[in-house]
Every structure is written in structure tokens, then in C-alpha cells.
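Observations on the model geometry
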Amino acid sequence: MEILKFKNNDEMPILGLGTWKSKPGEIYTAVRQAIQIGYRHFDCAAIYGNELEIGKAFTDAFKQGDIIRKDIWVTSKLWNNAHARDQVLPALKKTLTDLCLEYLDLYLVHWPVALKTGVVYPGTGSDLVSLADLPLADTWAGMEACFDQGLSNHIGVSNFSIKKLAGLVETAKIKPEMNQIELHPFLQQPEMLTYCRKKNILLTAYSPLGSGDRPAHLKSETEQILLENPNIQQMAQKKGCSAAQILIKWAIDRHTAVIPKSVNPIRLAENFKATQVELNPDEMTAILALDMATRYVRGAIWTPPGSAYTPETLWDESYRIVNGF
């Protein structure tokens, strides 16, 4: 298994199991099966609502000798309603309790968006707090405290634009080491890859298969289905593998971590075997031509009327263009 190496030489398996949308009642078995298959990287988040069950799977796997703690890499994320500096550490401690772990390998700020305390998802714009009133620097100071106390070996962010990453890089005592973002052939984000490589920030690709099972209200009636793209399908047929395996290996060959989600044992094994697929330079070039700069996860939930956030300020696309990224 290829790895991504952190500044202190810690190694994260490049292929992990995503757990977004994995329901309680399903995720315990999926994690146990994934461990048996060979997965050693698990991507979690408090908001996914399944960390208790994942924690039980870890505990039972440890007890039964399937793995030991140092054999696995566990990532989790801070939810938006705990962005105040003094809320970050308690949020992480709750996650550690749920996951039955003493520390995380990586803790991420889930979104560069703040909610009022107690709000899980915004109903109206008034449920959100602007970054002027609750700056990302304050949240990041709380993340640094988590690192200082040894509760997470590494800290980073998720869904951050180049502009927001640059702001943290300039002011942080501990620089972010990871940005987890949506990445797939329809949204390749080459400028982000270039920026992060220059700044020694690693990238993790979420929704690498197009997130076809995300909730209906997050879908567009006209969106293209990534797994059904004719070019990807033809490539898979030629190689005798699945379209999912092509997409996973594409992410790996770009040296980004990739976290496909599944609770199906056949697909879990199939996804894991994607590391054995070989893509030649011509095939990588053909996939490059599929980029449409199209997001499946657009973040519209954060931009209702009256919100402090807009699509422009969430993704900072004009900053990217003006600054030559």
C-alpha cells in the first residue's frame, strides 16, 4: 500500500475507508470487514452520527487481535457549531470517547463555516456566524491546543479554499498539514494541488466516486453521473476492472489520499484492489480532459437567505483566478 508521509515521517495509507453516509447498524460490520480486507485508514467525523459504532468496531478488533492501535490511521473532524477556541478541545474529547481512542492521527476543521452553539444544521441565515465574528484563526488556535495536548498527532482542514489555507499558513503556529476536499475527474482542482505541493500540505480526495448516494436535496436533476461516464467505463472494460477502481487509482496516481465509502463487502474488497490497477500516461491524459470544475458537494446549505456566507465567499473562486492559481 502506497503511503503519504507527514513532516515528522508519520505514514498515512493513501487509500482509506470513508464513513460519510454509512448508517448506524451497517458501519460496525463494514469496519470489521474492512480491517479483515486490509484497510488501515479510516475517515470519520462527528457529524456523520456513527462514531460510537465505529468505536465499538475498533474496540472489538483490538480485543480479538485483528489489529493494534498503532496499525491504523484514524481521522475525524470538528463540526461547525464548536468553532470557538474553547469549544474545540471538548469536541475532540467527545469524538475520542465515541471512537474509544486515546488520540487521533489527524483532526480536521470540517468546514470554514461557523454555526451558533447548539445548531447542528442551519434553518435560516441567522443560525450562522460570520468569520468576522468568529475568525478561523480562533478555531485554529483551539486545534493547536489539541495537538499540544497530544490528542491528535496532526491537524488540518477540510473544504478550505486556497485563500483560506493561505491565511492559516501565514499566521498559524502549527501549519495545517492536510486539506480534505472534493476531488474526482469532474473536479480536478489542479490549482489546489499545485498550491498544496508548494506549501507541503497533503490532500485527501472525498467523494472520489461522485457521491451518488448523497441525499436527494444535494443533487441536481441535470448532473452527470461520474461512474457512468463513457470514457471511464471504456477504460474499465479494457482493463477488466470496475469504473470505481479506475477513479480510485486515478486519485492515488495524483498522490492524493482517497477515501471511497462502502458498506458492501464485495465493493469494499473491490475498492481495496484498486491499488493493483495500472493507468498509463495516455490514460491519465484522457482523464485530465474530463475536468468540468463541477462540484457535487456545493455547500448550498451554508448560503441560505440572510447567511453571512455566499458561494463566492465559501469557495473564493475569484481569489484563485486573480492570484494566478
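Everything here concerns the structure above.
What you see is a predicted model, and the numbers here were worked out from it, not measured in a lab.

The rules behind each value
Residues numbered from 1 in each chain as written. Predicted model: local features only at pLDDT ≥ 70, side-chain atom pairs only at ≥ 80, totals over all residues. Heavy atoms only, no water. Helix = DSSP H or I, 4+ residues; strand = E, 2+ residues; numbered from the N terminus. Rg over C-alpha atoms; globule rule 2.2 N^0.38 Å. Buried < 20%, exposed > 50% of the residue type's maximum accessible area, 1.4 Å probe, protein only. Contact = heavy atoms within 4.5 Å. Lys, Arg positive; Asp, Glu negative; His and termini not counted. Charge placed at Lys NZ, Arg CZ, Asp CG, Glu CD. Pairing = 2+ DSSP bridges. 1 Å grid on protein atoms, 1.4 Å probe; cavity = no way out; pocket = protein on both sides within 12 Å on 5 of 7 lines; lining within 4 Å. Points joined across faces, edges and corners; volume = space filled by probe spheres on them. Nonpolar A, V, L, I, M, F, W, Y, C, P; charged D, E, K, R; others polar. Expected span 1.5 Å × (residues − 1). Core = buried A, V, L, I, M, F, W, Y, C linked by side-chain atoms within 4.5 Å.

Right, let's get into the overall build of the protein chain. A count of helical and extended segments in the protein chain gives 12 helices and 12 strands. Taken over the C-alpha trace, the protein chain has a radius of gyration of 19 Å; the compact-globule value for 325 residues is 20 Å, and the two agree within 12%. The 325 residues of the protein chain split such that 55% are buried. Sequence-distant contacts in the protein chain: of pairs separated by 6 or more residues, those separated by 24 or more amount to 74%. Taking the 34 positively charged and 36 negatively charged side chains of the protein chain as two groups, their mean positions are separated by 1 Å.

Here we come to the sheet that holds strand β12 (residues 257-258). As a general point, the strands of a sheet are linked pairwise by backbone hydrogen bonds and lie either parallel or antiparallel. Strand order in the open sheet formed by eight strands is β3-β4-β5-β6-β9-β10-β11-β12, and the pairing between neighbours is parallel. Looking at strand neighbours, the two that pair on one side only are β3 (17-18) and β12, the edges of this open sheet. Direction of pairing for strand β5 (residues 73-78) relative to strand β6 (residues 106-109): parallel, over a ladder of four bridges. Bridging from a neighbouring strand, S76 pairs with Y107 of β6.

With that settled, the discussion passes to the layout of surface pockets. In this approach a probe as big as a water molecule rolls over the atoms, and the regions it shows empty are the leftover space. Volume-wise, the largest pocket comes out at about 970 Å³. Lining the largest pocket are 44 residues, and of these W20, K21, S207, S211 and D213 sit closest to its centre. The element contributing the most residues to the lining of the largest pocket is helix α9 (residues 265-272), with three residues. When the residues that make up the lining of the largest pocket are grouped by side-chain class, the tally is 21 nonpolar, 16 polar and seven charged.

This brings us to helix α4 (residues 136-148). A turn of α-helix holds 3.6 residues, and therefore any two residues three or four places apart point the same way. In a regular helix each residue adds 1.5 Å, so 13 residues correspond to 18 Å; α4 covers 18 Å between its end C-alpha atoms and thus fits that length. Buried within α4 are the following residues: L136, T139, W140, A141, G142, M143, E144 and C146. Check the buried side of α4 and you find it contacts β5, α3 (85-99), β6, β9 (155-158) and α5 (162-171). Just downstream of α4, G150 is the residue with a positive phi angle, here 75°.

The next subject is the nonpolar core. Grouped together as the largest cluster of nonpolar side chains are 87 residues, with contacts concentrated most on V31, F42, F58, Y107 and I246. Per-element accounting of this core gives the leading share, eight residues, to helix α8 (residues 243-253). Sequence-distant contacts of F58, that is, excluding residues within four places in its chain, are made with V31, F42, I72, V74, L99 and L101. Formed by 19 residues, the second largest nonpolar core is a distinct cluster that contains A45, W111, V113 and L128.

Interpretation in functional terms is not warranted from these geometric data alone.
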